[in-house]
Amino acid sequence: MELQCKVQNYEWGKIGNESAVSKFISSAHPDITIDPDKPYAELWMGTHPNGPSVIVERDLFLSEYIKDNHDSIGQDVIQKFGVSVPFLLKILSIRKALSVQAHPTKQHAEELHWSFPDMYKDPNHKPELAIALTPFEALCGFRPLEQIKHFIKKMPELSEILAKEHVDNFLNSDENDSSSTLKSVFHSLMTCSKDSLSDSLQKLLLRLEKEDAETQSSLLYPVLQRLHADYPGDVGCWAPYFMNYMLLRPGQAIFLKPNLPHAYLSGDCVECMACSDNVVRAGLTPKHIDVPTLVQMLDYNSYTHEELLFNPKIEDSNSCIWSPPVPDFAVVKIRVENGDSYNTLIRRSPSIIIITSGCGDACDTEPIKAKPGVVIFLKASRQLTLTPAPGNHLEAYQAICNI
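What you see is a predicted model, and the numbers here were worked out from it, not measured in a lab. (Residues numbered from 1 in each chain as written. Predicted model: local features only at pLDDT ≥ 70, side-chain atom pairs only at ≥ 80, totals over all residues. Heavy atoms only, no water.)

### Quick look at the sheet that holds strand β23 (residues 375–378)
Here is step 1: Within the open sheet, the nine strands sit side by side as β7-β6-β1-β23-β20-β25-β18-β17-β16. Their pairing is antiparallel. Edge positions in the open sheet fall to β7 (60–61) and β16 (313–316), since each of these has one partner strand only.
Here is step 2: As judged from the two bridges shared by strand β1 (residues 2–4) and β23, these two strands associate in the antiparallel manner. From the neighbouring strand, Leu-3 faces β23, where its bridge partner is Val-375. (Pairing = 2+ DSSP bridges. Helix = DSSP H or I, 4+ residues; strand = E, 2+ residues; numbered from the N terminus.)

This is how it looks when you write it as structure tokens:
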């Protein structure tokens, strides 16, 4: 069944026809007019109450349909999650950075929801998987310790606003006590006064402006400059010196497990997550920053780029799957070339599928014209046949439960 999905026009989204979100919705629904001055940030595909999808042919919310059609969810999913689609599939089109953030574990989410229900509105965890559709910039996980130490030594503008005792302990620490000393340094940064933050960033920007290109590059001046232009004086502008700066190629992915600090900076991606709104923010945002919760919960282990890349497994000649270590979701990429036809693998869960390139037909019982932006709900234990139009191909992403 084809779905009409919710567009979110958040301020950080790409504008007008620059956005992959707007391109997808205008391709799938030519009657929708794209506002050239409006941001098109996210396309939500699923049953989340803040952006529920509608079954086109029935003019009925998908969430209402599944209440009366338990077979569409499947017994295995019902036993684990109840009568629900436990994941949310998205397309994101990012013009400027989203907040530096982390998501709590399931147990921690339940505790936060119980203690602060106005701030943490549900008891669920929010693991996320992001797969790049275009070159995609992100900050993810704390850097190797020697890199963080290098930046602190090279930038007095940073070390001067941190507690000297914590900086000294961190710079002299070995691997055995590095996590605790990094936590102290990060806490010192997060509790720094706004005036000190603003002054230190201005001083660093003025200094780097006069440096040679090699020094500017090594001290991440282009990234800092962009972040500061969008969020002047914000503590999150210091985040690239603590976190890995990653540029993903199309098809590369990162899995954002609980407590892992991260921020998306620019680009377009497919994102899948558990259904939750639990976010603990650390910067690059006008929203509330919960410093005590954040500092206590973060994963202070160091990661390399290679450790953070989340690679798929080949299923067959037409599909590969990203299977994170959570039951809520997995994502399959399907590619069917000209002259072929492909039956999707039978899954014990419902699927939400978005066509991302090419054209042709998608058929379970009734054919749907498959083209970029078309979103399909497939019942549990059913197959979808994808057939490219002559001289064309079809590419799609399929979200399923990871059971």
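### Here we look at the pairing of strand β5 (residues 42–45)
Consecutive side chains along a regular strand alternate between the two faces of the sheet.
Here is step 1: Where burial is concerned, the two faces of β5 agree: the one with Glu-42 and Trp-44 and the one with Leu-43 and Met-45 are both buried.
Here is step 2: Relative to β5, strand β2 (residues 6–8) is paired through three bridges, and the arrangement is antiparallel. Residue pairing for β5: Gln-8 is matched across the bridge by Glu-42.
Here is step 3: One ladder, built from four bridges, connects β5 with strand β8 (residues 87–94); its direction is antiparallel. Following the sheet pairing, Glu-42 is matched in β8 by Leu-92. (Buried < 20%, exposed > 50% of the residue type's maximum accessible area, 1.4 Å probe, protein only.)

### A look at the nonpolar core
Here is step 1: Formed by 53 residues in total, the largest nonpolar core has its most connected members in Leu-158, Leu-189, Trp-238, Tyr-241 and Phe-242.
Here is step 2: Those residues in contact with Trp-238 that lie beyond four places of it in its chain are Met-155, Glu-157, Leu-158, Ile-161, Leu-189, Leu-197, Ser-200, Leu-201 and Leu-204.
Here is step 3: Within the second largest apolar cluster, 40 residues are counted, among which are Tyr-40, Met-45, Ile-73 and Val-331. (Core = buried A, V, L, I, M, F, W, Y, C linked by side-chain atoms within 4.5 Å. Contact = heavy atoms within 4.5 Å.)

### Let's talk about the packing of aromatic side chains
Here is step 1: In the structure shown here, the tally under the stated rule is 10 aromatic pairs.
Here is step 2: Centre to centre, the rings of Tyr-10 and Trp-12 are 5.8 Å apart; their planes meet at 40°, and the pair counts as tilted.
Here is step 3: Residue class for Trp-12 comes out buried when judged on its relative accessible area of 13%.
Here is step 4: With a centroid separation of 5.3 Å and an interplanar angle of 15°, the aromatic rings of Phe-142 and Tyr-300 are classed as stacked. Residue Phe-142 is found in strand β11 (residues 136–142), and its partner Tyr-300 is found in the loop between α12 (291–297) and α13 (305–308); the two are separated by 158 residues along the sequence.
Here is step 5: Of the residues examined, Phe-142 reaches a relative accessible area of 0% and is grouped as buried.
Here is step 6: Three or more aromatic residues joined by ring pairs form one cluster here, namely Phe-142, Phe-186, Phe-242 and Tyr-300.
Here is step 7: The aromatic ring of Phe-170 is capped on one face by Lys-149, whose charged end is 5.6 Å from the ring centroid. (Phe/Tyr/Trp six-rings, centres within 6.5 Å; stacked < 30°, edge-to-face > 60°. Lys NZ or Arg CZ within 6 Å of the ring centre and 35° of its normal.)

### Here's the deal with the side chain of Ser-188
Here is step 1: On the secondary structure map, Ser-188 appears in helix α8 (residues 178–190).
Here is step 2: Ser-188 sits in the buried class, given a relative accessible area of 9%.
Here is step 3: Filtering out sequence-adjacent residues up to four positions away, Ser-188 remains in contact with Ile-161, Leu-162, Ala-163 and His-166.

### Notes on the layout of surface pockets
Unfilled space is identified by rolling a water-sized probe across the atoms.
Here is step 1: Its volume calculated, the largest pocket comes out at about 820 Å³.
Here is step 2: Contributing to the lining of the largest pocket are 37 residues, with Ser-99, Gln-101, Val-279, Arg-281 and Lys-287 lying nearest its centre.
Here is step 3: Those elements giving two or more residues to the lining of the largest pocket turn out to be β5, β8, β14 (262–274) and β15 (280–283).
Here is step 4: When residues in the lining of the largest pocket are grouped by element, the largest group, five residues, is from β14.
Here is step 5: Each residue belonging to the lining of the largest pocket can be placed in one class, and the counts come to 16 nonpolar, eight polar and 13 charged.
Here is step 6: In this structure, the second largest pocket spans a volume of roughly 360 Å³.
Here is step 7: In terms of lining residues, the second largest pocket is bounded by 18 residues, among which Pro-86, Asp-122, Asn-124, Cys-275 and Ser-276 are the most central.
Here is step 8: By residue class, the composition of the lining of the second largest pocket is seven nonpolar, seven polar and four charged. (1 Å grid on protein atoms, 1.4 Å probe; cavity = no way out; pocket = protein on both sides within 12 Å on 5 of 7 lines; lining within 4 Å. Points joined across faces, edges and corners; volume = space filled by probe spheres on them. Nonpolar A, V, L, I, M, F, W, Y, C, P; charged D, E, K, R; others polar.)

### Examining unusual backbone geometry
Here is step 1: Phi is positive for Asn-259, which is not a glycine, with a value near 75°.
Here is step 2: Mapped onto the elements of the fold, Asn-259 is located in the loop between β13 (253–256) and β14.
Here is step 3: When its relative accessible area of 16% is taken as the criterion, Asn-259 is described as buried.

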